[in-house]
Amino acid sequence: MERAFQRTQVLTNHLLQSSSPLPSQTLSSNACLSYSPPELSENYAFDVKEMRKLIDGHNLEERDWLFGLMKQSELFNPKVKGGKVFVSPDYNQSMEQQREMTLKRIKYLQERGVFKGWLTEKGEEIEMRKFAGFEVFSIYDHSLFTKLGVHFPMWGGAIQFCGTKHHHDKWLRDTENYSIKGCFAMTELGHGSNIRSLETVTTYDSNTGEFVINTPCESAQKFWIGGAAKHATHTVVFSQLHINGINQGVHAFIVQIRDVDGNICPNIRIADCGHKIGLNGVDNGRIWFDNVRVPRENLLNSVADVTPDGKYLSSIKNPDQRFAAFMAPMTVGRVNIAIGAVYQSKVALAITIRYALTRRAFSLKPNEPEVLLLDYPSHQRRLFPLVAKTYAMSFAANYLKVLYAKRTPQSSKAIHIVSSSFKATFTWNNMQILQECREACGGQGLRTENRVGHLKGEYDVQSTFEGDNFLLMQLVSKALFAEYMAAQKRNKVFKGLGLEHMNKPCPVIPSQLTSTTLRCSQFQMDALCLRERDLLNRFVADVLKCKAKGENTEQAFNSCYELAKDLGRAFSERAIFQTFVEAESTLPAGSLKGAADFEDYACESGLFYVQDFFWCSRVHDSVFFRMELPRYQEFLNTFGDLCWNMATVFIFFLMQDVLGTLRSLYASICIEDVSFLRYGYLSVDNGANVRREITKLCNELRPHALALISSFGIPDAFLSPIAFNWIDTNSWSLV
């Protein structure tokens, strides 16, 4: 009641105050918080350009050229905030405006030769250049990335891989020039992941030499077709092919859906899918076909064909194998989605960690300065495992890209399994990273201009794009089951998919895990292999038990779905870890691990003044180095070119040291997973040891925070205001 009386008195005085001027009051100002760029206080313990080469892997010059091309155009919505220029789509625009801007951006890029050779040239070099381009697009905008992904690898890729020479000659150059705008009509209202049961029906009319395509019911309407609602002129339609009353399975046909003036073609109906939680720069649509006739040549016939008189021909007689061969080239969609997810994780972490290096909260003692967010162990524990995941995913993505670019008929199965596994894992990781980064940015993470929060809505769809992630993990487990059964049947060793460890004695986890053991790469690999091996054995045994009870194979797999999910994850994390180890091995042979080793090596090499060149400080058990300029000059005058040679060697020592810490952190968060306790690989005490080790590793990475995210190679303009001077950005003068 006393509080209520006080409030009433204040309001009364306010309402009854006289209009006469009050005595002037002087406002006293407190010292405002000031922004200090992290570069002033943080150290670069290794060359970030060298690290970027390692994690980006390829086409760095093309990436930077493309970044520059986008920054210099008004189409990419440059805005000055806090004295810096940022480029990002205007998500306050209407859906229609966002769609038109996406189209204009594509035309701008096409006119400047960005897509030259993307469909008309072949070879590993062009494939890697395309991947680099898509990675840059994913950093800028998911709508741009997706619309180009539908047009090039999906529509264009279907013609490339499912078609033959006359399709290539007729369609590919116009597709590359964007005079034809393609879309990919596979998903239906009633069928998404289960492609074999699509309901669209195509029959052949031998009297006219035409295929007739129909949507027989509402659940057969093509749904979520990117580009269909407004812009696409042509589509690849996936449909059941009926020849003489026999269903030959799913095949693909080229269909024109709009004329040159943008009018919808006869017997085709198109509706808009409407506003979405993200990705509104893509015009997703729905399509119905009412006896739409297309020439016989519009069947993409690399796997099967129909003669003019209506005979069905295919060199692959088995329908299952034919379907697999027909769908195999489509894995590029999963590859692109996987690599795009990695780069979105990089964007979010670069923004969030830069903010955490300048934003302060609370004091440890009265009258002391507030503490940087990233100096709190809890904040380190939130973010550094995600950095380790992102580095690991980067190496795995590079492996997947090379695997795809060098593909052969013999490698198609491996590409299918690995791309399914990585797509699911990377997109799940990406959503975890975006959510954690949003929270770590506090209220600023809610602002669209700061990107992190908005990206959650933009990229949520990746969990179901190109296959639901849970189903993809089941697919991976089924493939591993088949590999196991084939090896048993042939009484041969496992070969491929990284399963060679199944041929070796089963690893044993020590009864007491020390810090030294937990950081040993061999132990880390053994632990991940042990989990995968055991889960595969369990999965096979349980599936066979279900089959022995009378269940068919599919029923048995469904009964064991929990094991299937755990096995898929175990396979993926072991495969990702393997690429991390292989990336580390590319650094110079004999690289050393720490300051003491480096000094010993330098002295043995005759560089007795190395201690005058570098001095070493130990912070939180982590080693980092600083260069003292006067000593550096003296050293340079003394040793000349030899200095540069040793400095280069030193860079690699530091990189390997940091990479080893990141690798240990990635392995530790995998081992911390509940499955290691659930299946008895770790004792409760060892589980606690792993958790303590993670805290230590995060602490050791703290001095390298800025260098680690700077190595992502993302230009400042593609981050957000919160990553830089967030005080000036929010000043009254900019309101």
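Described in the following lines is the structure provided in the data block. (Residues numbered from 1 in each chain as written. Predicted model: local features only at pLDDT ≥ 70, side-chain atom pairs only at ≥ 80, totals over all residues. Heavy atoms only, no water.)

## Quick word on helix 15 (residues 521–548)
Step number 1: The terminal C-alpha atoms of helix 15 lie 40 Å apart, and with 28 residues this matches the ideal 40 Å at 1.5 Å per residue to within 8%.
Step number 2: Directly beyond the C-terminal end of helix 15, a positive phi value near 105° is found at Gly550. (Helix = DSSP H or I, 4+ residues; strand = E, 2+ residues; numbered from the N terminus. Expected span 1.5 Å × (residues − 1).)

## Side note on the packing of aromatic side chains
Step number 1: Evaluated as defined, the whole model comprises 30 aromatic pairs.
Step number 2: Taking 5.1 Å as the distance between ring centres and 65° as the angle between the ring planes, the aromatic pair formed by Phe115 and Trp118 counts as edge-to-face. When sorted by exposure, Phe115 lands in the same class as Trp118, which is buried.
Step number 3: Aromatic pair Phe115 and Phe152: ring centres 4.9 Å apart, planes at 45°, arrangement tilted. Of this pair, Phe115 sits in the loop between helix 4 (95–111) and helix 5 (124–140) while Phe152 sits in helix 6 (residues 142–162), and the two are 37 residues apart along the sequence. (Phe/Tyr/Trp six-rings, centres within 6.5 Å; stacked < 30°, edge-to-face > 60°. Buried < 20%, exposed > 50% of the residue type's maximum accessible area, 1.4 Å probe, protein only.)

## As for the pairing of strand 10 (residues 284–289)
Step number 1: Counted residue by residue, strand 10 has five buried out of six residues, so it is predominantly covered.
Step number 2: Where strand 6 (residues 222–226) meets strand 10, three bridges bridge the pair, whose relative direction is antiparallel. Across the sheet, the residue bridging to Gly226 is Asn284, located in strand 10.
Step number 3: Where strand 9 (residues 268–272) lies against strand 10, five bridges are found, and the strand directions are antiparallel. Bridge pairing in strand 10 links Ala271 to Arg286. (Pairing = 2+ DSSP bridges.)

## A look at the nonpolar core
Buried together is how nonpolar side chains tend to be arranged in soluble globular proteins.
Step number 1: Ranked by internal contacts, the top residues of the largest apolar core, which has 177 residues, are Leu109, Phe137, Phe238, Tyr391, Phe426 and Leu662.
Step number 2: Structurally, this core is a two-domain feature, drawing no fewer than three residues from each of domain 1 (183–316) and domain 2 (328–601 + 644–723).
Step number 3: Each residue touching Tyr391, except ones within four places of it in the same chain, is listed here: Met51, Ile55, Phe580, Leu659, Leu662, Leu708, Ser711 and Phe712.
Step number 4: Judged by nonpolar contacts, the second largest core, of 26 residues, contains Val237, Ile270, Phe289 and Val306. (Core = buried A, V, L, I, M, F, W, Y, C linked by side-chain atoms within 4.5 Å. Domains from an automatic or database assignment. Contact = heavy atoms within 4.5 Å.)

## Focus on the sheet that holds strand 10
Step number 1: Here three strands make up an open sheet; going across it, the order is 6-10-9 and the pairing antiparallel. Among the strands making up the open sheet, the edge pair consists of strand 6 and strand 9. Across this sheet, the average inter-strand angle for adjacent strands is 35°, counted without regard to direction. (Axes fitted to C-alpha atoms, helices over the stretch in contact; angles between N-to-C directions.)

## Description of unusual backbone geometry
Step number 1: Even without being glycine, Tyr178 reaches a positive phi, approximately 65°.
Step number 2: Of note, Tyr178 is situated in the loop between helix 7 (165–176) and strand 3 (182–185).
Step number 3: Residue classification places Tyr178 among the buried residues on the basis of a relative accessible area of 7%.
Step number 4: One non-glycine residue with positive phi stands out, namely Asn491, at about 55°.
Step number 5: Here Asn491 lies in the loop between helix 13 (469–490) and helix 14 (515–518).
Step number 6: What makes Asn491 exposed here is its relative accessible area of 70%.

## Examining the layout of surface pockets
Step number 1: The space that makes up the second largest pocket amounts to roughly 570 Å³.
Step number 2: Broken down by secondary-structure element, the contributors of at least two residues to the lining of the second largest pocket are helix 10 (377–405), helix 11 (412–440), helix 13, helix 17 (561–585), helix 21 (641–671) and helix 22 (674–678).
Step number 3: A class-by-class count of the residues in the lining of the second largest pocket yields nine nonpolar, four polar and 12 charged. (1 Å grid on protein atoms, 1.4 Å probe; cavity = no way out; pocket = protein on both sides within 12 Å on 5 of 7 lines; lining within 4 Å. Points joined across faces, edges and corners; volume = space filled by probe spheres on them. Nonpolar A, V, L, I, M, F, W, Y, C, P; charged D, E, K, R; others polar.)

## Regarding the packing of helix 10 against helix 11
Step number 1: Interaxial distance between helix 10 and helix 11 falls to 10 Å at its minimum, and their mutual angle equals 155°. As far as their axial angle goes, helix 11 and helix 10 are roughly antiparallel. Where helix 10 crosses over helix 11, the two elements pack in a sense that is left-handed.
Step number 2: Here the residues of the contact of helix 10 with helix 11 sort into 17 nonpolar, five polar and four charged. (Parallel < 35°, antiparallel > 145°, perpendicular 65-115°, else oblique. Left-handed = near helix turned anticlockwise from the far one by under 90°.)

## Describing empty space enclosed by the protein
Step number 1: This model, assessed by the stated rule, comprises seven cavities of 30 Å³ or more.
Step number 2: Considering only enclosed or pocket space, the largest cavity measures out at about 110 Å³ in volume.
Step number 3: As for the largest cavity, its lining consists of 13 residues, and the residues nearest its centre are Glu127, Lys130, Pro153, Val332 and Asn336.
Step number 4: At the level of secondary structure, the elements contributing two or more residues to the lining of the largest cavity comprise helix 5, helix 6 and helix 9 (332–356).
Step number 5: If you tally residues by element for the lining of the largest cavity, the top one is helix 6, at five residues.
Step number 6: Partitioned by chemical class, the residues of the lining of the largest cavity number eight nonpolar, three polar and two charged.

## Overview of the state of the cysteines
Step number 1: Overall, the coordinates contain zero disulfides when judged by the stated rule.
Step number 2: Cys546 provides the cysteine sulfur closest to Cys560, a residue in no disulfide bond, and the two sulfurs are 4.1 Å apart. (Disulfide = S-S within 2.5 Å.)

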